[in-house]
Amino acid sequence: MSLLVVDKLCKRYGALKVTDDLALSVEPGELHAIIGPNGAGKSTLIAQLSGEARCDSGSIRFDGEEISGLPMHRRVARGLSRSFQITSILPGFTVLENVATAVQAREGSSFSFLGRVADESALNDQAVTALGRVGLTDRAGTIAGSLSHGEKRQLELAIALATKPRLLLLDEPLAGTSGGEAERLVEVMRSLKGEVTTVLIEHDMDAVFRLADRVSVLVYGRIIATGSPDVVRADPQVRAAYLGEEA
Ligand SMILES: Nc1ncnc2c1ncn2[C@@H]1O[C@H](COP(=O)(O)OP(=O)(O)OP(=O)(O)O)[C@@H](O)[C@H]1O
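Residue numbers run consecutively from 1 along every chain, following the written order of its sequence. Under the rules for a predicted model, residues below a pLDDT of 70 receive no local features and side-chain atom pairs below 80 are neither given nor counted, while totals for whole chains, interfaces and linings still include all residues. Hydrogens are left out, water is left out, and the side-chain values use all remaining heavy atoms of the structure.

As named in an unreviewed UniProt entry, the chain is ABC transporter ATP-binding protein, taken from Paracoccus albicereus.

Shown next, in the form of structure tokens:
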């Protein structure tokens, strides 16, 4: 069964149909990239999936249950997690504290019966594990505000992973990163493949076509093609509508 099934999803801003009868399915374990020209509606779709933006109509089924009417925190509780851009990082706290805070938010008071010391050590263990997954172990004690841009992106990923997502929504994780930083993040995303189901929006076509199991192409609020990177790259409609000679 698909983990996520979106059907007939709509969203308007005034007269503009930003999400137009959109259909999409995401299979367990896959990295599903969504590409499309500027203004196609990619960020709006992610916002509708995460619960930041209301849906005018249509359905979002997550693990078989309708979630389109649920507020964001209830979607997070079900395992649907969005990696927020750098604004979600607490710059005055250490890298480890940033991730531990996310773990604490997810665990709520479930460790409270253990008392404060055990509580902290359990939180830290999970945070250290998440930092290891993104290659930031040796930066655990660093103040987050002093990280490089690429490291902040790695930290965002660690924060998202610390919430143990069943579906991770990544909105342009490579934006603003340099070559080496982008490569590191691509490697982290590759290492998560098969383990964390991921919906990725990314403008870096090279990264998308290297990483994705499947690619969906969004144009004017509609998915015009879905398939393996090779199938999508060869699709004449996609080439005409979006990729042009870059494909
Ligand atoms: N809050 C809003 N109010 C009005 N219009 C909006 C709002 N948010 C987005 N839009 C419009 O909806 C359309 C889709 O925007 P969206 O950011 O989802 O596209 P995108 O595919 O993510 O673009 P990009 O690749 O440039 O980030 C654009 O025309 C945008 O101007």
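Take the pattern of salt bridges next. Any Lys or Arg side-chain nitrogen found within 4 Å of a carboxyl oxygen on Asp or Glu counts as a salt bridge. Applying the stated criterion across every chain, the model contains 18 salt bridges. Sharing partners across several salt bridges, the network here consists of Lys17, Asp20 and Arg222.

Following the sequence through the fold, Arg82 ends up in strand E6 (residues 80-83). Note on exposure labels: buried denotes an accessible area under 20% of the residue type's maximum, exposed denotes more than 50%, and partly exposed covers the range between, all computed with a 1.4 Å probe on protein chains only. Overall, Arg82 belongs to the buried group, its relative accessible area being 14%. When the C-alpha atoms of Arg82 and Thr198 are compared, they prove to be 9.8 Å apart, with 116 residues separating the residues in sequence. Contacts are residue-level and defined by heavy atoms, with any inter-residue pair within 4.5 Å sufficient. Arg82 has contacts with Ile46, Ala47, Ser50, Glu52, Leu169 and Asp171, leaving out every residue within four places of it along the chain. A polar atom in the side chain of Arg82 sits 2.4 Å from the side chain of Glu52. Counting of polar contacts relies on pairs of N or O atoms within 3.5 Å, with two restrictions inside protein: one atom must be capable of donating a hydrogen and the other of accepting it, and residues adjacent in sequence are counted only when both atoms are side-chain atoms. Polar contacts involving the side chain of Arg82 include one to the side chain of Asp171, which spans 3.2 Å. The helix count covers DSSP runs of H or I at least four residues long, the strand count covers runs of E at least two residues long, and both are numbered beginning at the N terminus.

Near the ligand lie 13 residues; those nearest to it are Gly39, Lys42, Ser43, Thr44 and His203. The backbone of Ser43 places a nitrogen or oxygen atom 2.8 Å from an oxygen atom of the ligand. Here His203 contributes a side-chain N or O atom positioned 2.9 Å from an oxygen atom of the ligand. To be clear on the numbers: accessible area is Shrake-Rupley with a 1.4 Å probe, and residue cover counts the displayed protein chains and nothing else. Relative to its unbound accessible area of 630 Å², the ligand is 58% covered by the protein chains. Among the secondary structure elements, those contributing two or more residues to the shell around the ligand are strand E2 (16-26) and helix H1 (42-50). Here the shell around the ligand takes 3 residues from H1, the largest share from any one element. By residue class, the composition of the shell around the ligand is 5 nonpolar, 6 polar and 2 charged. We call a residue near a molecule or strand when any one of its heavy atoms sits within 4 Å of it. For this scheme, ten residues count as nonpolar: Ala, Val, Leu, Ile, Met, Phe, Trp, Tyr, Cys and Pro. Four count as charged, namely Asp, Glu, Lys and Arg, and the remainder, Gly too, count as polar.

Right, let's get into the environment of Pro28. Mapped onto the fold, Pro28 is located in the loop between E2 and strand E3 (31-35). When the C-alpha positions of Pro28 and Leu167 are compared, they lie 8.6 Å apart, and in sequence the two are 139 residues distant. Non-local contacts of Pro28, meaning those with residues more than four positions away in its chain, are made with Met1, Ser2, Leu3 and Thr197.

With that settled, consider unusual backbone geometry. Although it is not a glycine, Lys8 adopts a positive phi angle of roughly 50 degrees. Relative to the helices and strands, Lys8 resides in strand E1 (residues 4-13). One non-glycine residue, Asp63, adopts positive backbone phi at about 50 degrees. Residue position: Asp63 is located in the loop between strand E4 (57-62) and strand E5 (65-66).

What follows deals with the domain arrangement of the chain. Just so you know, the domain bounds were taken from an automatic or database domain assignment. What the domain assignment lists for the chain is domain 1 (1-79 + 167-172 + 198-247) and domain 2 (85-164). Two parts lose some accessible area (1.4 Å probe) when they are put together, and adding that loss for both gives the buried area. When domain 1 packs against domain 2, the two sides together hide about 340 Å² of surface, and 61% of this comes from carbon and sulfur. Summed over the shared surface of domain 1 and domain 2, the result is 0 salt bridges. Counted by class, the side of domain 1 that touches domain 2 contains 2 nonpolar, no polar and 2 charged residues.

Attention now moves to the state of the cysteines. Note on disulfides: each one is a pair of cysteine sulfur atoms within 2.5 Å. The tally for this structure, following the rule as stated, stands at 0 disulfides. In this structure Cys10 is a free cysteine whose sulfur lies 9.4 Å from that of Cys55, the closest cysteine sulfur available. Classification of Cys10 as buried rests on a relative accessible area of 18%. The exposure class assigned to Cys55 is buried, which follows from its relative accessible area of 11%.

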